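Secondary and tertiary structure notes
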Amino acid sequence: MSEVLTSIKKKSNGEVITKLSPKEYKGKVDPDWCPGCGDFGLLNGVRKACAELGIPPHKILITSGIGCSSNFPGYFNAYGMHTLHGRPVPVATGVKLANHELTVIAVGGDGDGYGIGGNHFLHTARRNVNINYFVMNNQIYGLTTGQISPTSNFGTKTKSTPFGSIELPINPITTAIMAGATFVARAYTGDSKHMVEIIKQAILHNGFSHVDVFSPCVTYNKVNTHNFFKQRTVHLEDVDHDPTDWKAACEKAMVWDDEIYIGLFWQNKERKTLEDLDPVLDEGGPMAFRSLGLSKDKTQKLIHKMM
Amino acid sequence: MVDGAAAIARGALDAGCNFYAGYPITPASGILAHMLRELPKVGGIGFQGEDEISSIGHCIGAASAGATVFTATSGPGLSLYSENIGLAIMMEIPLVIAISQRLGPSTGAATASAQGDIQFMRWCTSGGYPVIVLAPTNIPESYHLTKRAFKLAKRFRNPVFIATDKDTVMTTESVPVDEMINAPDWPEIPTEPVGKPLDPYQINGTIHHYTGSSHTEEGYITKDPDIIAQFNERLKNKIESHIDEISLVKADLQEGADTLIISYGVSARSMEAVVIQLRSQGEKVSALTVYSLWPIPEKKIQDCLRGIKRIIIPEMNHGQYRHEIERLVNRDIELIGVNRVDTILITPEEIMETYHG
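Here is what the cut-offs are and how they apply
Residues numbered from 1 in each chain as written. Chains lettered and ligands numbered in written order. Predicted model: local features only at pLDDT ≥ 70, side-chain atom pairs only at ≥ 80, totals over all residues. Heavy atoms only, no water. Contact = heavy atoms within 4.5 Å. Buried area = accessible area lost by both parts, 1.4 Å probe. Salt bridge = Lys/Arg side-chain N within 4 Å of Asp/Glu carboxyl O. Helix = DSSP H or I, 4+ residues; strand = E, 2+ residues; numbered from the N terminus. Buried < 20%, exposed > 50% of the residue type's maximum accessible area, 1.4 Å probe, protein only. Lys, Arg positive; Asp, Glu negative; His and termini not counted. Domains from an automatic or database assignment. Polar contact = N/O pair within 3.5 Å; in protein donor to acceptor, adjacent residues only side chain to side chain. Nonpolar A, V, L, I, M, F, W, Y, C, P; charged D, E, K, R; others polar.

**Topic: the interface of chain A and chain B**
Size of an interface, as often reported, equals the accessible area lost when the parts are brought together. Taken together, the contact pairs 47 residues of chain A with 48 residues of chain B. With both sides pooled, the region where chain A packs onto chain B buries about 4000 Å², and carbon together with sulfur makes up 66% of that total. Contact with chain B buries surface across chain A, with A:Tyr79, A:Leu84 and A:Leu292 losing the most and accounting together for 16% of the total. At the surface where chain A touches chain B, the tally comes to two salt bridges.

**Quick notes on the pattern of salt bridges**
Applying the stated criterion to the full structure yields 24 salt bridges over all chains. Ionic pairing is found between A:Lys200 and A:Glu52, a salt bridge with its closest N-O pair at 2.6 Å. Remark: A:Glu52 occurs in helix α1 (residues 39–53) and A:Lys200 occurs in helix α6 (residues 192–204); sequence separation between them is 148 residues. Using a relative accessible area of 41% as the deciding quantity, one classes A:Glu52 as partly exposed. One salt bridge connects B:Arg10 with B:Glu38, and the closest N-O pair in it is separated by 3.6 Å. Within this pair, whereas B:Arg10 is found in helix α1 (residues 4–14), its partner B:Glu38 is found in helix α2 (residues 29–38), the two being separated by 28 residues in sequence. Given the relative accessible area of 36%, B:Arg10 is considered partly exposed. You can call B:Glu38 buried: its relative accessible area is 15%.

**Details of the side chain of B:Glu141**
Residues and elements named next belong to chain B. Mapping glutamate 141 onto the fold places it in helix α6 (residues 139–156). Summary of buried charges: glutamate 141 has no salt-bridge partner, and the nearest side chain of opposite charge, lysine 250, is 4.3 Å away. In contact with glutamate 141, other than residues within four places in its own chain, are Pro136, Thr146, Lys250 and Tyr291.

**Some details on the domain arrangement of chain B**
Residue and element names in this part refer to chain B. One can read the domain layout of chain B as domain 1 (2–181) and domain 2 (250–356). Each of domain 1 and domain 2 has a C-alpha centre, and the two are 26 Å apart. Counting residues at the interface gives 27 residues for domain 1 and 24 residues for domain 2. Buried surface at the junction of domain 1 and domain 2, summed over both partners, amounts to about 2000 Å²; 57% is from carbon and sulfur atoms. Looking only at domain 1, the three residues that lose the most surface to domain 2 are Gln115, Ile118 and Thr137, adding up to 33% of its buried area. Where domain 1 meets domain 2, there are one salt bridge. Across the salt bridge formed by arginine 269 and glutamate 173, the nearest N and O atoms sit 2.8 Å from each other. Seen at the junction of domain 1 and domain 2, the total is 14 residue pairs in polar contact (both at pLDDT 80 or more). For the side of domain 1 that touches domain 2, the secondary structure elements donating two or more residues are β6 (109–113), α5 (118–122), β7 (132–134), α6, β8 (159–165) and α7 (166–170). Of the residues contributing to the side of domain 1 that touches domain 2, the split by class is 14 nonpolar, seven polar and six charged.

Quick look at the structure:
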């Protein structure tokens, strides 16, 4: 195991401060993403957020699906599971239930999460499992060299839509809100400082946190480029948005024009998580490491709870 | 009075299972119901996924984090499990999966027994890497083989199937208590893992990675042909070099018999009935019940062939296991199938008719 503590300082009052560096989260493999790919932004952003929150690598598990962006866990020093196309969220849920003391993050692309994995996205949001789902949205299939994605705009020409797409894109933000996610945000990898704050808030939120991250594909998407987003993105914090107002959140999420909003659209701090509601997880540490069987007292309490 | 669903669920719980995720499907839903009702009482977690794909995904996640996991489905659900079973093989995640077979293809006859998924279980994933398949013929065996499946899954870090069927899972029968309590005289499965033991995510554990891509020992993607070849050979060999240990059959051989009946699962019960009848009529006949369908217990099957001129194989499909036996025996042995794919169980009378030709 790598040494996780960058520096240990002692304050004059004897309090020990441990400070983590984003470098602690650097994986053993270097990314094979194209130079300029937005995914570098999220990778650095999550490293920075974890460092600033002081969560050491061995308390983090990152799952991913398949796609360029899903190679993420290999580049990150934490437990990692590079799963199947569209399936990082169910696997993350399983991990969280077996060991709820871990910070669990699922990552993937727009095709992975909103296309093939769309069903899991909806139902995990509804369940409100306390995991974080960061989707690197480039509005294109990059790994398979440029086909239409669920977030590609109407009219987009790709290898699989040579005459332009005749389908409307999904709106990840309104979809997440309607499905019951309790933390719904959008970030842009080219706006790092803002993105890191969003990621930190997402990780700290107790519930299903979904962040749709604009992560431009410099190779196959010549429309939704860094330039495109730099000119259009507006911070929700600057327009007096109230993240407890779901109607306003949906209205702002629908705007795709000269202005595109990024920031925290919606947060519900009241709703309990799946783990909060599961009577088995209320005490005794990670379920997977407990000995099977319960004391008579606990069994009685449990039966009482379930009746 | 107990049904196969309860016996399988109890076997899982007694084997230390503390996590179950599944999706309702006839005729496997009884197992889901039992597990979800019983797991919280022992401090485990069970829940219903939004579909089969997520359910097995939940199991893989929980297993990687240290839980002992179990799931059950039927043929259509196995189709949806298939890609994730490949992932579990690749990541070497211990999984126990009960398949309550019903008549296919597609939705088929959802409320009728069949044994049509014997090849499907074995070959359900890309690459054709080996899995272990155990087939109980009755309720006590459902309990004991389920417990055994968990030992095998842990030892080999591989998916292990329990191949059962609608009639075994959904029929409530009275069962002798001692058959449920006392394990059959089967050889023990060693507890030490073959290869690296599972290292769940611990609070102070060593960082490690899993990936469904070809990878190094540390779990990082590799394109090195030598490493990939070594890894793939190991996945194959870890099962195939332990065939003797995994092989489990019941050979009921009679001196001087020239007919051997081979069967498995629910069809083996008709075989047992017919053997009793035939012997009471003074006929000499041998019988072999195969519990470990995959990997094929080749030696154990071949051990039963002395003096045999004809083999009768009753199974509720078009001869899926008969074709496997065909390649193990001399050409001068005649192979005869008794096959049904019409929702009706194979009766002892049908086997008798075939016996008398």
